[in-house]
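# Chains, contacts and geometry: an overview
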Amino acid sequence: REEVLNKIENLISDLLAGVADTGLAKIKLSNRRAADSARQVQDMKLHLTARSAADTKQNIVAFPGPNILNSWRFAVLMRTLDIISESLSSGRVVTKRDVYYRETWLFKNQAIVDRIVDDIGRTLNVPRAALGIVAAQKGLTCGTFCMHKKDGSLMTVEGEIQLIPPFDEIKCIDVMDIDFVLVIEKEAIFRTLCACKFYNRADIGRSILITGKGYPDLSTRQFISYIAARYPDTPLFGAVDSDPYGIDILGTYKFGSRAMAHENSHLTALTLEWVGVNVLEYEDGWTKLSTVDRKKALKMLTLPWMEAEVAEAMRLELQRMLFLGQKAEMNVVGTDADGVIKYLAQAIKTRLGGR
């Protein structure tokens, strides 16, 4: 905490020095989206080239500025730094949602808080968790395993749905003798699988089920990334819709996100394998791609990680969607629990059998 507080004090000292010299208060925010997204993983035969200007791009927030928007951005930045300092000084962790509700009139919406907190983390070159501000927990898990917490307590998960705790509270995770991990895009399907005890089946073995309820929060991504790194021989599977957003969610788990590019080294699970649903499997359940879907798919195909060998299946799926003009959601496998269970059990059995 002291290290981060010192960095904030230095930032403010530089600002005040600038005011004394030029009469202008300004702070240079590093561009987190231009952060080094390159990585080289020899065993995966993956190599992505870094952008040469990754760390040189900066956004300048100044007061007084040329217009009212500049003044508002400066106020948002300073108030957020104030809340971060208060959080670190008191030792209390607050959620980004809490930050927004402190000054709704200033922040306007939650997305503004999300962006400015991540920008500050990148500028100070510290993980977002080190700022004392976290995302509200939403990831869920189920199965049979245990988490050892840093306070010495033990959190045991035994067939009951549990909220994934903030990862900075976890010391280690013991997955025991599980056969695989299954990450599910949709909460409804996750709950269906949990109710049917999919995590303990004689035909495919024992597993840990996880959902981030759509796009995952930081704790869920850290949780999965930890398992991928700590237990590299444990298969990780992902079940998502065959639409651009489902593939993007899978890519967020596997390769990271642009918003958190500076922290992706401990937020990714490169071994995560897509198990469906595939748009070619269920022609009767196709839904027409919207204009927004098509733009999303085309934009995703330009992402650097799409060129990687381990992203080939995802890349081909997006190309199929664009060629056919169609997409397919998980519910095409059946409207009842039996359809989803049968589909996923067979898909996982096929992949486990090939190992």
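First things first, this report covers the structure right here in the doc. (Residues numbered from 1 in each chain as written. Predicted model: local features only at pLDDT ≥ 70, side-chain atom pairs only at ≥ 80, totals over all residues. Heavy atoms only, no water.)

A few words on the pairing of strand S14 (residues 205-211). Along S14, 6 of the 7 residues are buried, which leaves the element largely enclosed by surrounding structure. As defined by bridge partners, strand S7 (residues 140-142) adjoins S14 across 3 bridges and the pair is classed as antiparallel. By the bridge assignment, Cys 142 is partnered in S14 with Leu 209. As paired strands, strand S12 (residues 180-184) and S14 are joined by 5 bridges and run parallel to one another. When the bridges of S14 are listed, Leu 182 appears paired with Leu 209. Where strand S13 (residues 200-201) and S14 come together, 2 bridges link them in antiparallel fashion. By the bridge assignment for S14, Arg 201 is matched with Gly 205. Where S13 hands over to S14, the hairpin turn is made up of 3 residues, counted between the paired strands. (Buried < 20%, exposed > 50% of the residue type's maximum accessible area, 1.4 Å probe, protein only. Helix = DSSP H or I, 4+ residues; strand = E, 2+ residues; numbered from the N terminus. Pairing = 2+ DSSP bridges.)

Read across the open sheet, the 3 strands follow the order S9-S8-S11; overall the sheet is antiparallel. The strands lining the two open edges of the sheet, one partner per strand, are strand S9 (154-158) and strand S11 (170-174). The sheet shows a mean angle of 15° between the axes of neighbouring strands, direction not considered. Bridge count between strand S8 (residues 144-149) and S11: 4 bridges; the pairing is antiparallel. (Axes fitted to C-alpha atoms, helices over the stretch in contact; angles between N-to-C directions.)

What follows concerns the pattern of salt bridges. Summed over the entire model, instances satisfying the criterion amount to 16 salt bridges. A salt bridge links Arg 102 to Glu 86, with the shortest nitrogen-to-oxygen separation between them at 3.2 Å. Here Glu 86 lies in helix H2 (residues 68-90) and Arg 102 lies in helix H3 (residues 96-102), a separation of 16 residues in the sequence. For the salt bridge of Arg 191 with Glu 187, the shortest nitrogen-to-oxygen distance reads 2.8 Å. Of the two residues, Arg 191 and Glu 187 are both situated in helix H6 (residues 187-195); the distance of 4 residues between them amounts to about one turn of the helix. Salt bridges here are not isolated pairs; linked through shared partners, they connect Arg 79, Asp 82 and Glu 103. (Salt bridge = Lys/Arg side-chain N within 4 Å of Asp/Glu carboxyl O.)

What follows is about a nonpolar patch on the surface. On the surface, a nonpolar cluster with roughly 260 Å² of combined accessible area is contributed by Tyr 215, Tyr 245 and Val 292. Its location among the elements puts Val 292 in helix H9 (residues 291-300). (Patch = residues over 30% accessible without salt bridge, like charges linked within 9 Å, V, L, I, M, F, W, Y side chains within 5 Å. Areas by Shrake-Rupley, 256 points an atom, 1.4 Å probe, with all protein chains shown as cover.)

Proteins that are soluble and globular tend to have nonpolar side chains buried together. Ranked by size, the top nonpolar core spans 43 residues in total, and within it Ile 173 and Phe 223 carry the most contacts. When residues no more than four places from it in sequence are discounted, the contact partners of Ile 173 are Phe 145, Cys 146, Met 147, Phe 167, Phe 223, Tyr 226, Arg 230 and Tyr 231. Core analysis: the next-biggest nonpolar cluster, separate from the first, contains 30 residues, Leu 29, Phe 74, Phe 107 and Leu 131 among them. (Core = buried A, V, L, I, M, F, W, Y, C linked by side-chain atoms within 4.5 Å. Contact = heavy atoms within 4.5 Å.)

For the coordinates displayed, the defined rule picks out 6 aromatic pairs. Centre to centre, the rings of Phe 63 and Phe 74 are 5.7 Å apart; their planes meet at 25°, and the pair counts as stacked. Here the residue Phe 63 occupies a position in strand S4 (residues 58-63), and Phe 74 occupies one in helix H2, the gap between them amounting to 11 residues. Its relative accessible area of 12% is what places Phe 74 among the buried residues. Taking 5.9 Å as the distance between ring centres and 50° as the angle between the ring planes, the aromatic pair formed by Phe 180 and Phe 237 counts as tilted. Note that Phe 180 is positioned in strand S12 and Phe 237 in strand S15 (residues 236-239), a separation of 57 residues in sequence. Residue classification places Phe 180 among the buried positions, given a relative accessible area of 0%. (Phe/Tyr/Trp six-rings, centres within 6.5 Å; stacked < 30°, edge-to-face > 60°.)

Scope: geometric values only; no functional claims are made or implied.
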